[in-house]
Amino acid sequence: MFHNAYLKVKNNKPLLLLWATLTSTAPFIFYSWPGHPYKLLTFAGLALMMLQVIIKKDQKIFDFKIFSIIILQIIYYLFISFYHNDFSNINLCIQLISLFIIITYINTFIGFEPFVKSYIKIILAMAIGGTLIFFLHVFIGVAPLFTVDYSASGTSYFLWLTTTNVYFDVSNIRIIRYSGFFDEPGTFGLYSFFAIILNKIYFKNKKHELWLILLTIFTLSVAFYVSMVLYLLFFYVNKSNLKYIVFLFTAIFMSYFYLSTNVEDETAGKIYDFTFKRFEMNDSGLAENNRATLSDNDKKIFFKYPVLGSGTTKEEVYGSNLFSIFAKYGIFGALFYYAFLLYFIFQIALMPHKDFFFYIRILFLIVVNFYSRPELSSVFSLLVFVSIIYFIRNNLQIQNQ
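Residues numbered from 1 in each chain as written. Predicted model: local features only at pLDDT ≥ 70, side-chain atom pairs only at ≥ 80, totals over all residues. Heavy atoms only, no water.

Participant: An account of the pattern of salt bridges is requested, with residue identities and associated values reported.
Facilitator: Side-chain pairing between opposite charges can occur once the charged atoms of the two side chains come close. One pass over the full model with this rule turns up 4 salt bridges. The residue Lys304 makes a salt bridge to Glu315 at a minimum N-O spacing of 2.7 Å. Note that Lys304 is positioned in helix α11 (residues 292-304) and Glu315 in the loop between α11 and α12 (324-337), a separation of 11 residues in sequence. Residue Glu315 is classed as partly exposed on the basis of its relative accessible area, which comes to 23%. For the salt bridge of Asp355 with Lys354, the shortest nitrogen-to-oxygen distance reads 3.5 Å. For Asp355, a relative accessible area of 16% corresponds to the buried category. (Salt bridge = Lys/Arg side-chain N within 4 Å of Asp/Glu carboxyl O. Helix = DSSP H or I, 4+ residues; strand = E, 2+ residues; numbered from the N terminus. Buried < 20%, exposed > 50% of the residue type's maximum accessible area, 1.4 Å probe, protein only.)

Participant: Please set out a nonpolar patch on the surface residue by residue, giving values where relevant.
Facilitator: Together, Leu132, Phe135, Leu136, Phe139, Ile140, Leu145, Trp160 and Leu161 make up a nonpolar patch on the protein surface, roughly 820 Å² of accessible area in all. By secondary structure assignment, the location of Leu132 is in helix α5 (residues 112-139). You can call Leu132 partly exposed: its relative accessible area is 44%. (Patch = residues over 30% accessible without salt bridge, like charges linked within 9 Å, V, L, I, M, F, W, Y side chains within 5 Å. Areas by Shrake-Rupley, 256 points an atom, 1.4 Å probe, with all protein chains shown as cover.)

Participant: Run through the nonpolar core, naming residues and quoting values.
Facilitator: Counting 113 residues, the largest nonpolar core has Phe115, Tyr119, Phe340, Phe344 and Leu383 as its most contacted members. Looking at this core element by element, the count peaks at 13 residues for helix α15 (residues 379-399). Residues contacting Leu383, with those up to four places away along its chain left out, are Leu22, Leu99, Ile102, Ile103, Ile106, Phe112 and Phe115. (Core = buried A, V, L, I, M, F, W, Y, C linked by side-chain atoms within 4.5 Å. Contact = heavy atoms within 4.5 Å.)

Participant: So what's going on with the pairing of strand β2 (residues 155-158)? Residues and values would help.
Facilitator: In regular strands, side chains alternate between the two faces of the sheet. Residue alternation in β2 divides its side chains into a buried set, Ser156 and Phe158, and an unburied set, Thr155 and Tyr157. Judged from the 4 bridges that link them, strand β1 (residues 146-149) and β2 form a sheet pairing that is antiparallel. Bridge assignment links Asp149 to a residue of β2, and that residue is Thr155. Where β2 and strand β3 (residues 163-170) come together, 2 bridges link them in antiparallel fashion. By the bridge assignment, Tyr157 is partnered in β3 with Thr164. (Pairing = 2+ DSSP bridges.)

Participant: Tell me what's going on with the packing of α5 against α15, and back it up with residues and numbers.
Facilitator: Geometrically, a packed helix pair is captured by the angle between its two axes and the distance between the axes. Interhelical geometry of α5 versus α15 gives an angle of 130° and a closest axis separation of 10 Å. Judged by the angle between their axes, α5 and α15 are oblique. In the packing of α5 onto α15, the handedness of the crossing is left-handed. Contact residues: α5 offers Phe112, Phe115, Val116 and Tyr119, while α15 offers Phe380, Leu383, Val384, Val386, Ser387 and Tyr390. Partitioning the contact of α5 with α15 into residue classes produces 9 nonpolar, 1 polar and no charged. (Axes fitted to C-alpha atoms, helices over the stretch in contact; angles between N-to-C directions. Parallel < 35°, antiparallel > 145°, perpendicular 65-115°, else oblique. Left-handed = near helix turned anticlockwise from the far one by under 90°. Nonpolar A, V, L, I, M, F, W, Y, C, P; charged D, E, K, R; others polar.)

Participant: How would you explain the packing of aromatic side chains if you had to name every residue and give the values?
Facilitator: Pairs of aromatic rings are described using the distance from one ring centre to the other and the angle between the two planes. If you walk through the whole model with that rule in mind, you get 59 aromatic pairs. Where Phe62 meets Phe100, the ring centres are 5.5 Å apart and the plane angle is 75°; that geometry is what we call edge-to-face. Separated by 38 residues along the polypeptide, Phe62 in the loop between α2 (38-56) and α3 (64-83) and Phe100 in helix α4 (residues 90-110) bring together distant segments of the chain. Judged by its relative accessible area of 41%, Phe62 falls in the partly exposed class. (Phe/Tyr/Trp six-rings, centres within 6.5 Å; stacked < 30°, edge-to-face > 60°.)

Participant: Describe helix α8 (residues 222-235), naming the residues involved and giving the relevant values.
Facilitator: Over its 14 residues, α8 runs 20 Å from end to end, which matches the ideal 20 Å to within 8%, given 1.5 Å per residue. Within α8, the full set of buried residues consists of Val222, Phe224, Tyr225, Ser227, Met228, Tyr231, Leu232 and Phe235. Residues of α8 that are buried make contact with α6 (185-202), α7 (206-216), α9 (242-260) and α14 (353-368). (Expected span 1.5 Å × (residues − 1).)

Participant: An account of α11 is needed here, citing residue identities and associated values.
Facilitator: Between its first and last C-alpha atoms α11 spans 19 Å; for 13 residues at 1.5 Å apiece the expected length is 18 Å, and the two agree. Ser295, Asp298, Ile301 and Phe302 are the residues of α11 that are buried. Taken around the axis of α11, the buried residues stretch over an arc of 130°, which confines them to a single face. For α11, the exposed residues set more than 90 degrees away from the buried face come down to Thr293, Lys300, Phe303 and Lys304. (Arc of directions from axis to C-beta.)

Participant: I'd like a rundown of the packing of α6 against α8, residues and numbers included.
Facilitator: Packing of α6 against α8 leaves a shortest axis separation of 10 Å and a crossing angle of 20°. Considering the angle they form, α6 stands roughly parallel to α8. Viewed along their axes, α6 and α8 form a crossing whose handedness is right-handed. Across from Gly189, Ser192, Phe193, Ile196, Ile197 and Lys200 in α6, the residues of α8 making contact are Phe224, Ser227, Met228, Tyr231 and Phe235. Considered class by class, the residues forming the contact of α6 with α8 number 7 nonpolar, 3 polar and 1 charged.

Participant: How would you summarise the side chain of Ser227 if you had to cite specific residues and measurements?
Facilitator: By the secondary structure assignment, Ser227 is in helix α8. By relative accessible area, Ser227 is classed as buried at 1%. Side-chain polar atoms of Ser227 contact the side chain of Asn369, separated by 3.2 Å. Excluding residues that lie within four positions of it along the chain, Ser227 makes contacts with Phe193, Leu365 and Asn369. (Polar contact = N/O pair within 3.5 Å; in protein donor to acceptor, adjacent residues only side chain to side chain.)

Participant: So what about the sheet that holds β3? Which residues, and what values?
Facilitator: Reading across from one edge, β1-β2-β3-β4 is the order of the 4 strands in this open sheet, with antiparallel pairing throughout. Looking at which strands have only one partner, the edges of the open sheet turn out to be β1 and β4 (173-178). Each strand axis lies, on average, 35° off the axis of its neighbour in the sheet, ignoring direction. In this sheet, β4 lies alongside β3 in antiparallel orientation, the contact comprising 5 bridges. Paired with Asp169 across the strands is Arg174, a residue of β4.

Laid out in structure tokens, this is it:
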């Protein structure tokens, strides 16, 4: 017990340094807040990590396989920068160097299991705060402390325990789609989904899983809803718990019936617009598909430059759709962009039969999210893949002993 308590205290400072660094950059929203020293915090955090790793001088924590993937990606990004005369990819090289420093630091001072545990708890804390503000705003209203224009089309409202870019407080309509401390609700939905997946792989904690699913519902993220329906079908539909599935779908139907028959009510109508209306179909597909224009544009660019893409200078790639990475990098470039995903697939292929189909389902759920959010190049996103890869690799090593 004393040893465990000592390790807990020992790991607190490295975890604080790690999260101070991670939250200083995208996909977190803090960097856009007035006066936030995100460049200084990020540089100082990475410098401290690197210094501590150098002082430690532990040869075992250098991961040659991960390092090789990162080097291959950096070489490709440098090549494509000169090929397209587009040096925006240098930023991706810097992110990959930062990723390797952070991976090495986690391996040296924290361990991936404690890191994953902290990740899940932080996402859960944001979900609790966001859901609380969601209901407080519905019933009494919550005024933003301040707002920030973080992009040409996006405004972030800081609501004490959460942020949002969808804020209504007009007439009788009081509703938000909470974002945690990310740029938009769908982003929080994605990282909550990753928290659910990591919990399933590492800990199988039913309480954390249930709370993450229930609380993230109030982001009103369609992508998250689709992911969770598939997740429940893949992992929970059987004879013993069929009654719970029936109860869930009954609750969904009753919610749909209430909202669709009360659309004249301003609040109910707005909730319906944010949820069930987005699944309505017309001759073109989903009636409320706000990514159709983005997808059509990027698909045309991809077919125009199928091998190495257009970069960001020849054509305007809109992003946030299934074709955006292929439009920017082509089929060949996408292999490098998704190198960690390919390594994950390679690790799955080595798994024994009983684990193979479990991870195939995990892989499918992750790939489904590429439909709306294929850009997974941030350090924070890639750490999710690395966490899964380490868990699989450790299991394979144990099984092969």
